[in-house]
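Each chain is listed here by its residues.
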Amino acid sequence: MTLLWKFVSLLPFMNCFAVEETLHGPIFIQEPFDVTYSVSSEESEVLLNCTARGHPLPHYRWKQNGTDIDLTMNYHYRLVGGSLAINNPHKKQDIGTYQCLVTNSFGTIVSRTAKLQFAYLESFETKARSTVSVRKGQGVVLLCGPPPHYGDLSYAWIFNDNPLYVQEDSRRFVSQETGNLYIAKVEPSDVGNYTCVVTNTEAKQSVQGPPTPLVLRSDGVMGEYEPKIEVRFPEITYAAKGSSVKLECFALGNPVPSINWKRSDGSPLARKINTSKGILEIPDFQQEEEGSYECIVGNIRGRNVAKGQLFIYALPEWTRSIQNAFLSLYDTLSWECKASGNPRPSYSWFKNSQPLTSEERIQIENGTLTITMLNISDSGLYQCVAENKYGSIYSNAELKVIVSAPDFSKHPVKKISVAQVGGEVTIECKPDASPKAVISWKKGTETLGQNKRIFILEDGSLKVYNVTKSDAGVYACIAMNQFGVARNTGELIVKERTVITIPPSKMDVTVGESIVLPCAVSKDPSIEVLFSWSFNGDIIDFKRRMTHFERVGGESVGDLMIRNIQLNHSGKYTCTVQTAMDILSETAEIIVRGTPGPPRDVSIEHISSTTAVLTWRPGMDNNSPVQIYTIQTRTPFSVGWQAVSTVPEVINGRTHTATVVDLNPWVEYEFRVVAGNSIGIGEPSMPSELLRTKASIPSVAPTNVSGGGGSRSELVITWESVPEELQNGEGFGYIIMFRPLGSTSWTKAVVTSVEASKYIYRNESITPLFPFEVKVGVFNHEGVGTLSPIYIVYSGEDEPQIAPTGTSIQSFSASEMEVSWNPVAWNRHTGRVLGYEVLYWSDDSKDSTTGKARVNGNMTAKNITGLRANTMYFAAVRAYNTAGSGPSSVPVNVTTKKSPPSQRPANIAWRLTNSKICLNWEHVKTMENESEVLGYKVNFV
């Protein structure tokens, strides 16, 4: 709180100190401008402004037309601050050019010149004007002839005392340049008196001239004639940038001429340009509107053209101005000022308001002023003036020539300088002195002279090369000029040189490895070193959490460890060792090699039914050249990407096109390319576009052709359907060919379903179980393809016609019985026997059968289990084949045995005698539905 109060309390003192201005010459704040004074003005005084600042305060004086104005002897003039006030201005006495001069102890500066003009408008002469006589249809010009005046004028005309001015149109035009009235073609209604009205806006006056009568001649009518241009704009016009430019053009003619404007170079007129009533007006005139313009007047009798060029002019503007200079005695001053402008400005120089010219020491060339061997009398205020016909500008600066004895107070010799053995050191000696001091050096009492290692530089500094330990000590700089001598000392300390003893070296590594870049130094024990590393010029910030970079080592070691190095770590690594005295660095390049990047722009250049020509562009080789390319493909029928066969079979790293072979027709393929190098296989490319191979005749025949079975009079043929990827085109189907074994002619059938895998041929004449030769082929819209090999398939057969004989049945237990029978002797007419079916049922079964069991081949017995105890079962046997089952045998029956006893023996007792055990138990009594006890079984362990 106290500190804050103290700071605030100082503010008034600080502010007072800030306004205490340093000593300097006059500087203009305000300069005079041109003034136009109206003689009819009610103001009785004209003020020409001039204000400047300077310290000490400047005083002012004025010149009129180059002559000093005596402000003390003439009440007509007075100073208002530095501005000049003129009381009751009079045109004859006060018109002219004025300039303000400002002076203090540093010198004098002059202002820009300002013109004082008097705006006035006198009356017309009262002398009557002659009558103007013209034929009807003729053009006429009525002259205005304005009276003496100063200031811009505007013109209008009165017709027959009508209070409204003559209205301009395509036939009538009033020139604001001359004041004349132009009538392109006189009509009878134009007859009368015309009066010119002149207005001076600056003088705030208007006057009327004497009337000019216009009459028609009676000696005929003017016939048609071509336009005659009476109002022309100048051949060359200069206009200020940003001003409004008007060009006038009007012609007499019968019929009344039309007026059109254009640019001579053919480019269109800017939209902002207005063309009407014989005037082309360009508001806000800019550089791009410079050029040649044409006014084209025409009627049915002909045409005429007026041409003129527009140029932009610019007042001078500074591009380089002069600045204050404080130089020593005998120095050289060199000032240059430059200004832009159109036309190009010329330059002049003033010193203390007096013109400067070249002489022995002073050289002036355009905007450059050079003064050699400066002396005290050259001090003063200088002005560079840049001027063209449209204006002038002034640049002011002060030259101060300084004289002083040598002084080290502002720039003392450095108290302690430190150098390394073998290095170099510069001890500066830059005292203030004017003229420049002569410098000498001493080490202790020894005066130093220049030799191979020690130099006294042009600016007085002492430079020592190849520094040794013996160079340590106290050095004195002695400065001397004609005004005095000064001396200042400093100490040089020499330390051992810092050297990088183990620099990083170039390394060639593989992605994923970890490496250490060494950086060790030898140094003076008193010197602290700071290690830093940069990668490709960017400092590695170890304070941030770094995934790969780590600093390792101690005070004199600054190794860099790179863990799990990646491809983007390839580049230049610089170890920088910084001390208070110097900076050392060593750089090594690390090349990180990895698997190739993915190839790019894989495209299919050509595709056929079984091949595709591929091209691609190589991806990044990741610092290890590509050795081999592999092409992979994917279809809707494949599981993932699979390698394909190519031509050439092995694609080397310099090849970027290959032909993929052994493709399936009419299948959609997409391809990708994988690059490999000595490091490994890289990432695959992006897939190519999806394209379908061209269709072709099927080349794969159906497999697993077989058949048989079915009903009598049927030939059943089966096969494994061909996958979609092997169908080779649209309109795929199967061709089935068959013939009885021994026959020479084939029967042919067509199946158009692509998913079909079976065909049945029916014919009453087919012999049952007759062998047929069968083959199955394929076709599509391209044609018939491959046929399968010939297979033997048998026709359908009848059910067996004979029932088995000798059927018998036997019960083995409460849940098991066995049925047996005699085999059936069969032939093709009685029906083939492939096996037998055993049907069995119980006496209380609601169904005709409760079970069915089959045996294959020649077996003549079947054991049936899972039956109910003490139940009568019936059984019958029938033969079967592929056509079905034959007649059943005569049923037989048997009753299953009762269930075994359900009770355990009770009251079991045993007695041991010597080596014998004697067991006793009670007899088990069975239930009515249980089998009788036939004996007991004893188990022991």
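Residues numbered from 1 in each chain as written. Predicted model: local features only at pLDDT ≥ 70, side-chain atom pairs only at ≥ 80, totals over all residues. Heavy atoms only, no water.

(A) Unusual backbone geometry, seen in detail. A cis geometry characterises the amide bond from His55 onward to Pro56, with omega recorded as 10°. Geometrically, the link from Ser434 to Pro435 is a cis peptide bond, its omega value of 5° lying close to zero. Its place among the elements puts Pro435 in the loop between strand E42 (432–434) and strand E43 (438–443). In this structure, Asn366 is a non-glycine residue whose phi angle is positive, near 55°. (Helix = DSSP H or I, 4+ residues; strand = E, 2+ residues; numbered from the N terminus.)

(B) Up close: the packing of aromatic side chains. Per the stated rule, a full pass over the model turns up 21 aromatic pairs. Where Trp821 meets Tyr836, the ring centres are 5.6 Å apart and the plane angle is 55°; that geometry is what we call tilted. Of the two residues, Trp821 sits in the loop between strand E77 (817–820) and strand E78 (835–842) while Tyr836 sits in strand E78, which places them 15 residues apart along the sequence. In this arrangement the basic side chain of Lys775 is found over the ring face of Trp746, its NZ or CZ atom lying 4.5 Å from the centre. (Phe/Tyr/Trp six-rings, centres within 6.5 Å; stacked < 30°, edge-to-face > 60°. Lys NZ or Arg CZ within 6 Å of the ring centre and 35° of its normal.)

(C) Molecular detail of the confidence of the model for the protein chain. Predicted confidence across the protein chain gives a mean pLDDT of 89, with 96% of residues reaching 70 or more. Predicted confidence for residues 1–20 stays below pLDDT 50, and this span has 0 contacts to residues more than four positions away or in other chains. (pLDDT = per-residue confidence, 0-100. Contact = heavy atoms within 4.5 Å.)

(D) Fine view of the pairing of strand E66 (residues 668–676). Of all the 9 residues making up E66, 8 are buried; the element is thus mostly covered by neighbouring parts of the structure. With 7 bridges joining them, strand E61 (residues 628–634) and E66 adopt antiparallel strand pairing. Considered in E66, the bridge of Gln632 is made with Arg672. Of the strand pairs in this sheet, E66 and strand E67 (residues 691–692) are connected by 2 bridges, and their pairing is antiparallel. (Buried < 20%, exposed > 50% of the residue type's maximum accessible area, 1.4 Å probe, protein only. Pairing = 2+ DSSP bridges.)

(E) Layout of the state of the cysteines. Tallied over the full model, the rule gives 6 disulfides. One disulfide bridge connects Cys249 with Cys295, the sulfur atoms lying 2.0 Å from each other. Negative torsions about the S-S bond denote left-handed disulfides, and the value of about -80° found for Cys249 with Cys295 makes this one left-handed. Of this pair, Cys249 sits in the loop between strand E23 (245–248) and strand E24 (250–254) while Cys295 sits in strand E28 (residues 291–299), and the two are 46 residues apart along the sequence. For Cys295, a relative accessible area of 0% gives the class buried. One disulfide in the model links Cys519 with Cys575; its S-S distance is 2.0 Å. Between Cys519 and Cys575, the S-S dihedral sits near -80°, and the bridge is therefore left-handed. Separated by 56 residues along the polypeptide, Cys519 in the loop between strand E51 (515–517) and strand E52 (520–522) and Cys575 in strand E57 (residues 571–578) bring together distant segments of the chain. Of the two residues, Cys519 and Cys575, both sit in the buried class. Bonded cysteines in the protein chain are paired 1-2, 3-4, 5-6, 7-8, 9-10, 11-12 when counted in the order they occur along the chain. (Disulfide = S-S within 2.5 Å.)

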